Structure formats: structure tokens, C-alpha cells
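Chains, contacts and geometry: an overview
Residues per chain are reported as follows:
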Amino acid sequence: MLTNIRDVLEYFEETMAANPERDGSVAEEAAWAGSARRYPALCLNHFGDPFDTTVAVPFFSLPERRFADDAEGRICEKIVRSLAPLDMLNPVYKVIRPEGVCSPADLIPCFGFPLSEDRGAPAYTRTMADMLNDSPPDPETSGLLPVIRESIDLIKSLTPASFKIDPPDMQGPFNLIHAMVGNDAFTAPLTDPDDYRLLMERITDFWIAMRENLTAWIGLDRLRPLDRVPRIAECSVNMVSEGFYREHILPYDRKIAEHFGHVRIHVCSGLHVFRATLDNLPVVATDAGTMLHQMAAPVVSGKTAFDMIGDRPVVLTIGEELPEDQDEASRIMADNLELYKKNRRLLFFFTGVFWRKKDRPMIRDLHRRLDEVFTALG
């Protein structure tokens with residue numbers, strides 16, 4: 001029975017010592033350095049399905065625990081739950097998420113918006129003119145930032161520096177304006193360019209200042225290697241053309257990149273987004289992967305992204321959705337792992353779109369075989 005932070009830290013270290021092949025933090029460090037790693041620490045999983053009522057037999061179960069109903073108890077619970085991926089032989093990251101950090105909408109309250117019931121989006125949208133009538137948000141005290149900062153301080157006081165701290169998902173300037181003003185974000189650069197420019201500048205300036213504050217609050221030594229680089233998520237760019245991106249969005253991304261010297265990009269599988277950001281920004285980490293469901297724009301596969309990067313020192317996270325045919329799924333995964341022989345800066349995530357809880361024993365067996373394939377790559 002775990003009851004306090006000391007018990008939790010000891011249990012975490014003992015568990016990971018018994019499962020070194022599942023240490024995602026080690027794999028991430030190696031990918032960042034471009035060095036070889038012993039274990040792939042790849043993630044292999046299935047989608048959640050609310051109609052899937054199968055009771056899955058666990059391979060690994062979390063221990064019994066009873067924590068105080070306070071901030072320290074919630075940190076203990078987060079650390080224990082971070083080991084849950086071991087049930088599917090998936091990587092565990094030595095990272096703790098502060099309170100107030102829960103979704104891609106973490107920054108939205110800073111601009112005066114309440115969140116939706118599921119806390120994943122603003123509860124409503126506003127016009128750009130209305131937003132510009134507000135005072136700019138304070139990058140230290142607005143929204144959930146005081147809660148986040150207090151939680152960061154508590155995590156640092158309770159845990160050793162080997163535990164990293166997960167910063168909020170800051171998204172990117174265009175994702176944020178799209179979330180807050182809705183579809184006007186797609187027309188405003190043409191119909192209301194002055195207000196669009198003013199609001200994007202305000203969002204970008206706040207983004208930069210908040211990122212600086214978060215880095216100072218957390219400390220570089222408490223950030224994962226990839227989190228030491230500011231991350232811009234470009235999901236909404238998949239709903240505009242490459243030309244629109246270059247003219248109306250890239251200037252604000254470039255302002256962030258020039259301030260920090262480099263950026264990490266989430267392209268949401270968009271081929272034109274991958275190309276435009278890789279060619280125009282100092283990208284040091286990005287992602288790619290084929291999606292099986294219909295996307296708004298052509299997608300970029302892991303192999304295509306690999307070829308486009310060439311010999312540039314860019315960490316590439318490959319996340320492929322797998323088809324129903326098992327032989328084809330196995331081929332896709334093996335082909336992606338094969339790329340590791342030419343580039344050590346790769347991380348792998350595979351999702352079986354048609355798999356469900358009943359398939360978990362098969363998924364674990366497949367996972368073990370893929371580990372062996374990776375080991376044979378040398």
C-alpha cells in the first residue's frame with residue numbers, strides 16, 4: 001500500500017529498474033542526441049471505443065494506494081498512473097504534469113474565455129474586434145498560470161531533478177486564434193487584415209513571454225530534451241493552403257523561431273504543413289504519419305517525412321495508423337523501424353485502428369516481436 005511521496009518515488013524507480021526496455025525518457029534523450037539506443041521504446045496501442053465492453057485481462061496492474069486528498073496526494077497519484085502504459089508494454093516517461101495542465105486549451109483562459117465542459121476548447125467564440133478591446137493577457141497571472149506555477153513549485157520541492165515537468169500544450173498562434181474566433185480566422189486575413197494582424201501579434205507576443213516564464217519557472221534541468229524547444233502545433237493549418245500559410249501564418253511562427261533560435265513542430269500529419277515548416281523555420285523536431293480516416297489535406301507518411309528531412313539533425317516522431325490487414329500492418333511497422341538504421345533521431349508510435357481490448361494479448365506479442373526486430377537492426 002503506497003501512502004506518501006517517498007513510497008511512490010521508491011516504487012517508481014524499482015518498477016522502471018525492472019523494465020528498462022520501457023523507459024521512454026532514455027529513448028527520447030538518445031533521439032535528441034542522435035545516438036544509438038538499446039531499446040526502441042516504441043508505443044503500440046489501439047483506439048478507445050466506448051462500445052467496447054470487453055474486460056481486458058491486465059499484464060501489469062498498478063499497486064494499491066491511499067493518498068491524502070490534497071495537492072501532494074494528486075502528484076503521488078500522477079506518478080503512479082504514469083506507469084500504466086507498462087500494461088501494454090508501452091514506454092513510460094519520467095514526467096509529471098502540473099495541475100492546470102490538461103488539454104490543448106490550457107492557454108485559452110488567459111484570454112478571458114471559460115472552457116467547454118470537457119475543458120478541451122473555449123466555451124464560445126468572440127469576434128476579433130471584441131478581443132482587441134480587452135487588455136492583453138498577463139503572461140504571469142492570467143488564466144490558470146498561477147495554479148500551474150504553484151504546482152510546478154510543489155513538484156520541484158517533492159521530487160528529484162530526474163523527474164521532469166510537463167509544460168502546458170501552448171499550441172501555436174494560428175491554432176489559438178482559430179479556437180477563439182472560430183472560422184473567421186480563415187477569412188479575416190483577406191477581409192479584415194488589420195484586426196487579424198493586431199490580434200495575431202498580441203497572441204504571438206503573449207506566447208513568447210509565457211514560454212519564457214514557463215522555462216524560468218520549471219528550469220531547463222526539469223524539462224525533457226524535446227520540451228526545451230518551444231513547440232508550435234499547426235493543426236488548423238491543414239485547413240488552409242500552403243500559400244495561405246506562408247503569407248498569413250508563417251510570419252508569426254517565424255517571430256517565435258527567431259526569438260528562441262529553433263522550434264519543434266506538430267504538423268497534424270499534413271504534407272504541405274510539413275514541407276512549409278521544414279523549409280522555412282529552424283525546425284529541430286517534428287512529426288509525421290499516415291492517417292486512415294479522411295483528412296482535410298494530404299498526409300505525410302513517416303517514410304516521406306524521413307526522405308524530406310534527409311541528413312538534417314531533426315528528431316522525427318513517426319505515428320502511423322495501421323490497417324486491418326495484419327500482414328500489411330506488420331510490413332508498415334517493420335519498414336518504419338528499418339529507417340532507424342540510417343537515422344538515430346526517430347521515435348515510433350503505432351495505432352491499430354481496428355484493434356480493441358480483446359486484441360491486447362496479440363498486441364503485446366506483436367510488441368515483443370517488434371522489439372526483437374529493432375534489436376536486430378543494431
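What counts and what doesn't
Every residue gets a number counted from 1 within its own chain, in the order that chain's sequence is written. It should be noted that, the model being predicted, local features are given only for residues of pLDDT at least 70 and side-chain atom pairs only at 80 or more, the latter also being counted only at that level, while totals for whole chains, interfaces and linings use all residues. Hydrogens are left out, water is left out, and the side-chain values use all remaining heavy atoms of the structure. Helix and strand assignments follow DSSP, with helices taken as H or I runs no shorter than four residues and strands as E runs no shorter than two, numbered in order from the N terminus. Two things to know: the radius of gyration comes from C-alpha atoms, and the globule rule equals 2.2 Å times the number of residues to the power 0.38. Accessibility here uses a 1.4 Å probe with only protein chains present; expressed as a share of the type maximum, an area under 20% marks a residue as buried, one over 50% as exposed, and anything in between as partly exposed. Calculation of accessible area relied on Shrake-Rupley with a 1.4 Å probe; when residues are assessed, cover is drawn exclusively from the protein chains displayed. When charges are counted, neither His nor the chain ends are considered; positive counts come from Lys and Arg and negative counts from Asp and Glu. Charged side chains are reduced to one point each, which is NZ for Lys, CZ for Arg, CG for Asp and CD for Glu. A helix is expected to reach a length of 1.5 Å times the quantity of its residues less one. This arc is taken over the directions from the axis of the helix to the C-beta atoms. We call two residues contacting when some pair of their heavy atoms lies within 4.5 Å. Two strands form a pair only when DSSP identifies at least two bridges running between them. The definition of a right-handed crossover adopted here requires that, viewed with the strands pointing away, the path from the first strand over the helix to the second runs clockwise. For helices, the fitted line uses only the C-alpha atoms of the stretch in contact; every axis is such a line through C-alpha atoms, and the angle between N-to-C directions lies from 0 to 180 degrees. When describing relative orientation, an angle under 35 degrees is termed roughly parallel and one over 145 degrees roughly antiparallel, while 65 to 115 degrees is termed roughly perpendicular and anything else oblique. Crossing handedness: left-handed means the near helix sits turned counterclockwise from the far one by under a right angle, and right-handed means the same turn made clockwise. Each salt bridge in this description consists of a side-chain nitrogen of Lys or Arg and a carboxyl oxygen of Asp or Glu lying within 4 Å of one another. For Phe, Tyr and Trp, rings pair up if their centres lie within 6.5 Å, where Trp contributes its six-membered ring, and each pair is then called stacked (planes under 30 degrees apart), edge-to-face (over 60) or tilted (otherwise).

So, on to the overall build of the protein chain. Scanning the protein chain from N- to C-terminus turns up 14 helices and 8 strands. Over its C-alpha trace the protein chain gives a radius of gyration of 21 Å, about what one expects of a compact globule, namely 21 Å for 378 residues. C-alpha extents for the protein chain along the principal axes are approximately 55 × 50 × 40 Å. Buried residues in the protein chain amount to 53% of all 378 residues. Surface accessibility of the protein chain: about 16,900 Å² in total, with carbon and sulfur atoms responsible for 52%. The averaged location of the 58 negative side-chain charges in the protein chain is 4 Å from the averaged location of its 42 positive side-chain charges.

For helix α13 (residues 326-338), with 13 residues, the first-to-last C-alpha span of 18 Å sits near the 18 Å given by 1.5 Å per residue. Within α13 the residues assigned to the buried category are Ala329, Ile332, Met333, Asn336 and Leu337. Projected down its long axis, α13 shows its buried positions confined to an angular sector of 130 degrees, all on one face. For α13, the elements touching its buried residues are β1 (43-46), α12 (302-309), β7 (315-322), β8 (346-352) and α14 (360-377).

A few words now on the pairing of strand β6 (residues 283-288). Counting buried positions along β6 gives 6 out of 6 residues, so the element sits mostly inside the fold. Two elements, strand β5 (residues 263-266) and β6, share 2 bridges in a ladder whose sense is parallel. The partner of Arg264 across the bridge, within β6, is Ala285. As for the winding sense of the linkage, the β-α-β connection from β5 through helix α11 (residues 271-280) to β6 is right-handed. Two elements, β6 and β7, share 4 bridges in a ladder whose sense is parallel. Residue pairing across strands places Asp287 opposite Thr317, the latter belonging to β7.

Looking now at the environment of Gly219. Within the element layout of this structure, Gly219 appears in the loop between α8 (193-218) and β4 (231-233). Sequence separation between Gly219 and Asp169 is 50 residues, and the spatial gap between their C-alpha atoms is 17 Å.

This part takes up the sheet that holds β1. Strands sit in the order β1-β8-β7-β6-β5-β4 across an open sheet of 6 strands; the sheet is parallel. The open sheet is flanked by β1 and β4, the only strands paired with a single partner. Between one strand axis and the next, the sheet turns through 15 degrees on average, direction left out of account. Note: β4 against β5, 3 bridges, orientation parallel. Bridge assignment links Arg231 to a residue of β5, and that residue is Arg264. Strands β6, β7 and β8 of the sheet are contacted by α12, whose axis makes an angle of about 160 degrees with β7.

Below, the discussion takes up the packing of α8 against helix α10 (residues 250-260). Running from N to C, α8 and α10 cross one another at 25 degrees; their axes reach a closest spacing of 10 Å. Comparing the axis directions of α8 and α10 gives the class roughly parallel. Remark: the crossing between α8 and α10 carries right-handed chirality. Of the residues in α10, those in contact with Tyr196, Arg197, Met200, Glu201, Thr204, Asp205, Trp207, Ile208, Arg211 and Glu212 of α8 are Tyr252, Lys255, Ile256, His259 and Phe260.

The next point concerns the pattern of salt bridges. Under the counting rule described, the total for this entry stands at 27 salt bridges. For Arg22, the salt bridge is made with Glu21, and the minimal N-O distance between the two is 3.8 Å. When the shortest N-O distance is used, the salt bridge between Arg65 and Glu77 registers 2.9 Å. Of this pair, Arg65 sits in the loop between β1 and α3 (71-81) while Glu77 sits in helix α3, and the two are 12 residues apart along the sequence. A relative accessible area of 24% means that Arg65 is categorised as partly exposed. The network of salt bridges with shared partners includes Glu21, Arg22 and Asp371.

Each aromatic ring pair is specified by the distance between its two centres and by the angle formed by the two planes. On inspection of all chains with the given rule, the structure shows 8 aromatic pairs. The interplanar angle of 45 degrees and the centroid separation of 5.9 Å between the aromatic rings of Phe113 and Tyr124 together place this pair among those described as tilted. Taken together, the positions of Phe113 in the loop between β2 (95-96) and α4 (128-133) and Tyr124 in the loop between β2 and α4 put the pair 11 residues apart, joining distant regions of the chain. Classification of Tyr124 as partly exposed rests on a relative accessible area of 43%.

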